[in-house]
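# Structural overview for review
Now for the letters of each chain:
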Amino acid sequence: LSRAVELDACAEAVRYWRSSLPVLKAYKHVPAFQAVELESAEILQKLRDKLRLRLEAHETSPQDLHEAAALLLMLDEGDTARLRAQYVAVRKERLIGSLRERVPRATEVKLGEKTGVLSRSFLDEVK
């Protein structure tokens with residue numbers, strides 16, 4: 001688990017944790033397993049922090065953004081509504097930014113300009 005987090009193999013780390021969880025729960029009364037559970041909780045916190053940073057970073061690709069959100073949900077990240085809202089907000093912000101980059105500034109027209117041109121051309125045809 002620790003090695004997977006170090007290598008940034010977050011999906012693998014989540015898979016390892018989820019597969020070991022039943023054993024840890026079944027033997028949590030055994031002192032040796034309590035130490036393992038404590039250590040894995042610390043590693044999982046590092047993983048959650050890493051995934052949250054990935055979710056907030058502007059340079060994260062859409063695929064990595066989706067993976068980070070999905071993995072946080074798999075880790076039972078507490079407030080799922082807040083996590084989903086954050087994911088949607090990040091995606092929305094990126095979409096708006098992408099649209100702003102693609103719309104040339106020269107084509108922006110003030111509302112009054114366009115209606116004035118249309119009104120004049122309509123009036124010219126009516127005369």
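Residues numbered from 1 in each chain as written. Predicted model: local features only at pLDDT ≥ 70, side-chain atom pairs only at ≥ 80, totals over all residues. Heavy atoms only, no water.

### Looking at the nonpolar core
The nonpolar side chains of a soluble globular protein tend to be buried, and buried together. Grouped together as the largest cluster of nonpolar side chains are 19 residues, with contacts concentrated most on L47, L51, L55 and L75. Of all elements in the fold, only α1 (2–6), α2 (10–26), α3 (31–56), α4 (62–74) and α5 (80–102) reach the threshold of two or more residues within this core. Those residues in contact with L47 that sit more than four places away from it in its chain are V5, C10, A13, V14 and L75. (Core = buried A, V, L, I, M, F, W, Y, C linked by side-chain atoms within 4.5 Å. Buried < 20%, exposed > 50% of the residue type's maximum accessible area, 1.4 Å probe, protein only. Helix = DSSP H or I, 4+ residues; strand = E, 2+ residues; numbered from the N terminus. Contact = heavy atoms within 4.5 Å.)

### Examining the packing of α2 against α4
The interhelical angle for the contact between α2 and α4, taken along N-to-C directions, is 15 degrees, at an axis separation of 10 Å. In terms of their interaxial angle, α2 and α4 are classed as roughly parallel. The hand of the α2/α4 crossing is left-handed. Contacts between α2 and α4 involve C10, A11, V14, W17 and R18 from the first element and E67, L71 and M74 from the second. Across the contact of α2 with α4, the residue classes break down as 6 nonpolar, no polar and 2 charged. (Axes fitted to C-alpha atoms, helices over the stretch in contact; angles between N-to-C directions. Parallel < 35°, antiparallel > 145°, perpendicular 65-115°, else oblique. Left-handed = near helix turned anticlockwise from the far one by under 90°. Nonpolar A, V, L, I, M, F, W, Y, C, P; charged D, E, K, R; others polar.)

### Regarding the side chain of T60
Topologically, T60 is positioned in the loop between α3 and α4. Looking at T60, the relative accessible area reads 10%, which means it is buried. Within the structure, the side chain of T60 is placed 3.4 Å from the backbone oxygen of A57, a separation counted as a polar contact. What T60 contacts, discounting residues up to four positions off in sequence, is R54, L65 and R94. (Polar contact = N/O pair within 3.5 Å; in protein donor to acceptor, adjacent residues only side chain to side chain.)

### A short note on the pattern of salt bridges
The tally for this structure, following the rule as stated, stands at 6 salt bridges. Between K50 and D8 there is a salt bridge, with the nearest N and O atoms lying 3.6 Å from each other. Taken together, the residues K50 in helix α3 and D8 in the loop between α1 and α2 connect sequence positions 42 residues apart. Between E67 and R54 there is a salt bridge, with the nearest N and O atoms lying 3.4 Å from each other. With E67 in helix α4 and R54 in helix α3, this pair connects stretches of sequence that are 13 residues apart. Given the relative accessible area of 13%, R54 is considered buried. Residues joined in a network through salt bridges with shared partners are D8, K50, R54 and E67. (Salt bridge = Lys/Arg side-chain N within 4 Å of Asp/Glu carboxyl O.)

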